[in-house]
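Now for the letters of each chain:
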Amino acid sequence: MHSYPAPALARVQEMAAAAAADPARAISFQGAPGANSHRAAMEYAPDCLPLPCFSFEDALEAVKDGRAARAIIPIENSQHGRVADIHFLLPESGLSIVGEHFLSIHHALMAKGDGPFTAAYSHPQALGQSRFFLRERGIVPMAYADTAGAAAFVAEMDDPQACAIAPRIAAELYGLKVIADNVEDAADNTTRFVVLAQQPLDPATLNGGPAMTTFVFEVKNIPAALFKALGGFATNGVNMTKLESYQKGASFAATTFYADIVGAPGDPAVDRALEELAFHCKELRMLGTYPQELPRG
């Protein structure tokens, strides 16, 4: 908690106290109050008690130790790709994905004064989503732990040449002036969040509604193993909407894949596809089945 800039710390303490009083309603998120993950929590569950956490690990740990019933974590952005480290953190956390949420992302440039500015502080994702805006103005991107925390940091250091890229609400929370709105490089900038809890949802409780299933797997280290492992999804008509690889260990021979499919275990086509996948894998771990939410147009 004490890693937050001073302008954010009092709000963090207040929100943490509210969550501690009713952890069943708490949703942990990474960042300072006013971050996009804070916005996502309030959109996903308007009656929740958002619990700020300094890191992704802290947000997941809050669920594991019972301080929050759920965590909401950004997993990928339409403009800047996957969020670093999440593919490692989710399987290692032992938590299950129980929901997803798509958040429309709009960044504002904010500062104590009017500029000119030499440095912009924000989360690396937000900096990447605004890179053309910054480059055109000769502003150097400076990575910070989260967007709203960067706004609080700029407010704290009181440097007239420093600015932050964060949601507009962060300017209101930390006494900054909005210099420019919508500085993201794409108007349809969207981040997908997943919601995690200690216990998985029973696919039967989804009542046949649109569902997503997420899992990680490691294929056997033989020729055409991935082709054979994925064949069952094609032959059974199961739509795979996401497939990403990442290295596991230092040998660079054990590639792990992270995948999303449309559907749920219990559906015969999904069951057949997963059975065929498991046959060709050294490891298959289910991360959760949950209601599908479509991005807003």
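Refer to the structure above for everything that follows.
Summarised in this report is the structure supplied together with it.

Conventions adopted
- Residues numbered from 1 in each chain as written.
- Predicted model: local features only at pLDDT ≥ 70, side-chain atom pairs only at ≥ 80, totals over all residues.
- Heavy atoms only, no water.
- Pairing = 2+ DSSP bridges.
- Helix = DSSP H or I, 4+ residues; strand = E, 2+ residues; numbered from the N terminus.
- Axes fitted to C-alpha atoms, helices over the stretch in contact; angles between N-to-C directions.
- Contact = heavy atoms within 4.5 Å.
- Buried < 20%, exposed > 50% of the residue type's maximum accessible area, 1.4 Å probe, protein only.
- Polar contact = N/O pair within 3.5 Å; in protein donor to acceptor, adjacent residues only side chain to side chain.
- Parallel < 35°, antiparallel > 145°, perpendicular 65-115°, else oblique.
- Core = buried A, V, L, I, M, F, W, Y, C linked by side-chain atoms within 4.5 Å.
- Arc of directions from axis to C-beta.

Ordered by their spatial adjacency, five strands build an open sheet running E8-E7-E9-E6-E10, and the pairing between neighbours is mixed. With partners counted over all chains shown, the strands left at the sheet margins are strand E8 (140-143) and strand E10 (177-180), one partner each. Along the sheet, successive strands turn relative to each other by an average axial angle of 35°, direction set aside. By the bridge criterion, four bridges tie strand E7 (residues 119-122) to E8 in an arrangement that is parallel. Note on E8: the bridge partner recorded for Ala119 is Val140. Together, strand E6 (108-111), E7 and strand E9 (162-166) form the strand contacts of helix H7 (residues 147-157), whose direction differs from that of E9 by roughly 160°.

Tracing the backbone through its elements, the reader meets Tyr174 in helix H8 (residues 168-174). Overall, Tyr174 belongs to the buried group, its relative accessible area being 6%. As for Tyr174 and Pro7, which are separated by 167 residues in sequence, their C-alpha atoms are 6.3 Å apart. Sequence-distant contacts of Tyr174, that is, excluding residues within four places in its chain, are made with Pro7, Ala8, Arg11, Ala32, Pro33, Ala148, Ala151, Ala152 and Ala155. Reaching out from Tyr174, the side chain makes a polar contact with the backbone oxygen of Pro33 at a distance of 2.7 Å.

Of all nine residues that make up strand E12 (residues 211-219), nine are buried, and the element is covered over most of its length. Alternating residues of E12 divide into Ala211, Thr213, Phe215, Phe217 and Val219 and Met212, Thr214, Val216 and Glu218, and every residue in both groups is buried. Pairing of E12 with strand E14 (residues 255-262) involves seven bridges; the strand directions are antiparallel. Across the sheet, the residue bridging to Thr214 is Asp260, located in E14.

Turning our attention to the packing of helix H1 (residues 6-21) against H7. Packed helices, taken two at a time, are described by their axes: the angle between them and the distance between them. Packing of H1 against H7 brings their axes to within 7 Å, and their N-to-C directions diverge by 130°. Here H7 runs oblique to H1, going by the angle between their axes. Between H1, through Ala6, Pro7 and Ala8, and H7, the contact on the second element is made entirely by Ala152, Ala155 and Glu156.

So, about the nonpolar core. Side chains of nonpolar character tend, in soluble globular proteins, to be buried together. Ranked by internal contacts, the top residues of the largest apolar core, which has 28 residues, are Ile73, Ile86, Leu90, Ile97, Leu196 and Tyr258. Listing elements by their share of this core, those giving two or more residues are H1, strand E2 (49-53), helix H3 (56-64), strand E3 (70-77), helix H4 (86-93), strand E11 (190-197), E12 and strand E15 (281-291). Sort the elements by how many residues they give to this core and H3 lands first, with five residues. With sequence-adjacent residues up to four places away left out, Tyr258 is seen in contact with Ile75, His87, Leu90, Ile97, Thr214, Phe215, Val216, Lys242, Leu243, Glu244, Tyr246 and Leu287. In terms of nonpolar packing, the next biggest core, distinct from the first, is built from 24 residues, Leu9, Tyr144, Ala151 and Ala152 among them.

Within helix H9 (residues 225-235), the full set of buried residues consists of Ala225, Ala229, Gly232 and Phe233. For H9, the angular spread of buried residues about the axis comes to 105°, placing them on one side. Away from its buried face, by an angle of more than 90 degrees, H9 presents the exposed residues Phe227, Ala234 and Thr235. The secondary structure elements touched by the buried residues of H9 are E12, strand E13 (240-247), E14 and helix H10 (268-279). In the stretch just after H9, Gly237 is the one whose phi turns positive, near 70°.

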